[in-house]
Amino acid sequence: MSNTNTPSADSPSRCFDLHTHSLQSDGTLTPAELVTRAQAAGVDVLALTDHDVTDGIAEARATAASLDMRLIAGVEISVTWQGLTVHIVGLNIDIAGHALQQGLSRLREFRQWRAVEIGRRLQKKRIEGAYEGARRLAKGTIVSRTHFARFLVEQGYVRGMQQAFKQFLGSGKPGHVPGQWATLDEAVGWIRSAGGQAVVAHPARYKLSAGKVLRLFGDFRECGGEAIEVISGSHTPEANRHFARVAAEQDFLASAGSDYHGPEKTWMDLGRLPALPEDCVPVWRDWKMAGPVTSQAVAGSLS
Ligand code: AMP
Ligand code: MN
Ligand code: MN
Ligand code: MN
């Protein structure tokens, strides 16, 4: 199999997008709309990776089956590693996995407590009804800082999402509530116990020193992690190249995903990712791709 993630005339390889969100977390499209849009954009293999929840997978899978497209069951797990929030994507998970669902449920309880606490802290800054507003904008079970940011924009407290994070929701700002998400070991363990592969999401986003990145990757490998998301819609081209090199040097599999949250972010669409560099081994190397796409795909037996 070719190791590119974009199809070309001389290659039958498929277009992969292995990191996307629906309104079950902080995206704005329904799972069905997301899959339909991905297909129209030329994506052949799509992973739905909502934050700390898998509620959108069944709908996404049913839509993908009707469109003859492959849907990879995924999740993006919030992790606290050395005091930093890091995101670990799980791909090809069995969403019935007990340990995984128990773990995600615990994270959602923390999320809910945190959402109320964010509301309380914003109220001290004379912002009324933030929790209720964020809850109203959230269409699934989880309330994310993204929903608070949308509320702050909607109510005119800030001009845009970036400013909402910069002024209120980012680390060290009045509406930021520190706390403990999953440990790295837990997140990777839950993914593996559900038959999935663990991927460090968008490594350039953490703004770590070179040494600290290697410590994160080293700890991740010790926990059983296999892949790095070297191509991300939230990376610069230089970051893509840098992490492709690191993944190749360190013998990690390489993943690629847009981190699509909805059509509002027009600069980051589905299926528009650059190809994986030739020296990367794709995370999908051993995935079984042949045969009809069915809604019955389960971890470890994709065809
Ligand atoms: P949470 O998991 O609730 O803490 O929210 C994290 C989410 O907020 C991320 O997944 C992003 O979608 C979003 N986010 C974080 N930082 C920013 C930012 N500076 N601008 C816009 N969205 C952001
Ligand atoms: Mn998000
Ligand atoms: Mn993320
Ligand atoms: Mn994401």
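Per chain, the residues get numbers from 1 upward, laid out in the order the sequence is written. Working convention: letters from A go to chains and numbers from 1 go to ligands, in the order in which they are written. Residue-level local features of this predicted model are given only where pLDDT is at least 70; pairs of side-chain atoms are given and counted only at 80 or more, and the full residue set underlies all totals for whole chains, interfaces and linings. Values reported for side chains reflect all heavy atoms of the structure, with hydrogen atoms and water molecules removed beforehand.

**Quick look at the coordination of the manganese ion (ligand 4)**
Okay, step 1: Listed donor atoms are N, O and S within 2.8 Å of the metal (Na, K and Ca: 3.2 Å). As water is not included, a site may look incomplete. The protein atoms donating to the manganese ion (ligand 4) are His19 (NE2), His21 (NE2), Glu76 (OE) and Asp259 (OD), with metal-donor distances spanning 2.1 to 2.2 Å.
Okay, step 2: One chain supplies every donor to the manganese ion (ligand 4), and in sequence these donors are spaced H-x1-H-x54-E-x182-D.
Okay, step 3: Taken as a pair, the manganese ion (ligand 4) and the manganese ion (ligand 2) show a spacing of 4.6 Å. Taken as a pair, His19 in the loop between strand E1 (16-17) and helix H1 (31-40) and Asp259 in the segment after strand E7 (253-257) lie far apart in primary sequence, 240 residues in all. This pair shows no difference in class: His19 is buried, exactly as Asp259 is. Every helix listed is a DSSP run of H or I at least four residues long, and every strand listed is a run of E at least two residues long, numbered separately from the N terminus. Exposed residues in this analysis have more than 50% of their type's maximum accessible area, buried residues have under 20%, and partly exposed residues fall in between, with area computed by a 1.4 Å probe over protein chains only.

**Considering the side chain of Asp259**
Okay, step 1: Asp259 gets classed as buried once you look at its relative accessible area, which sits at 4%.
Okay, step 2: Here Asp259 is in contact with His19, His21, Glu76, His202, Arg205, Ser234 and Met268, once residues within four sequence places are set aside. By definition, residues are in contact when any of their heavy atoms lie within 4.5 Å.

**Notes on the pairing of strand E6 (residues 227-232)**
Okay, step 1: Taking burial as the measure, the 6 residues of E6 include 6 buried ones, the bulk of the element.
Okay, step 2: One bridge is not enough; two strands pair if DSSP finds at least two bridges between them. As paired strands, strand E5 (residues 197-200) and E6 are joined by 2 bridges and run parallel to one another. What sits directly across from Val200, in E6, is Ile228.
Okay, step 3: With respect to chirality, the unit in which E5 leads through helix H8 (residues 210-223) into the neighbouring parallel E6 is right-handed. Classification remark: right-handed applies to a crossover when, strands pointing away from the viewer, the course from the first strand over the helix to the second runs clockwise.

**What to know about the environment of Ile191**
Okay, step 1: The residue Ile191 is located in helix H7 (residues 184-193) in this model.
Okay, step 2: Sequence-wise, Ile191 and Tyr131 are 60 residues apart; in three dimensions their C-alpha atoms are separated by 31 Å.
Okay, step 3: When neighbours within four sequence positions are excluded, Ile191 is seen to be in contact with Ile77, Ile88, Val89, Gly90, Ile93, Leu100, Gly196, Gln197 and Ala198.

**Let's talk about the pairing of E7**
Okay, step 1: With respect to burial, E7 is a largely interior element, 5 of its 5 residues being buried.
Okay, step 2: Residues Leu253, Ser255 and Gly257 line one face of E7 and the alternating positions Ala254 and Ala256 line the opposite face, and both faces are buried.
Okay, step 3: The pairing of E6 with E7 spans 5 bridges and is parallel. In the strand pairing of E7, Ala227 is matched with Leu253.
Okay, step 4: With helix H9 (residues 237-249) bridging E6 and the parallel E7, this β-α-β connection has right-handed handedness.

**A few points about the coordination of the manganese ion (ligand 3)**
Okay, step 1: Binding of the manganese ion (ligand 3) to the protein goes through Glu76 (OE), His87 (ND1) and His202 (NE2), at separations of 2.1 to 2.2 Å.
Okay, step 2: Considered as a linear motif, the donors of the manganese ion (ligand 3) on their single chain read E-x10-H-x114-H.
Okay, step 3: Here the manganese ion (ligand 3) and the manganese ion (ligand 2) are spaced 5.5 Å apart. Placement of Glu76 in strand E3 (residues 70-81) and of His87 in strand E4 (residues 84-91) is noted, with a sequence separation of 11 residues between them.
Okay, step 4: For Glu76, a relative accessible area of 0% corresponds to the buried category.
Okay, step 5: Residue class for His87 comes out buried when judged on its relative accessible area of 15%.

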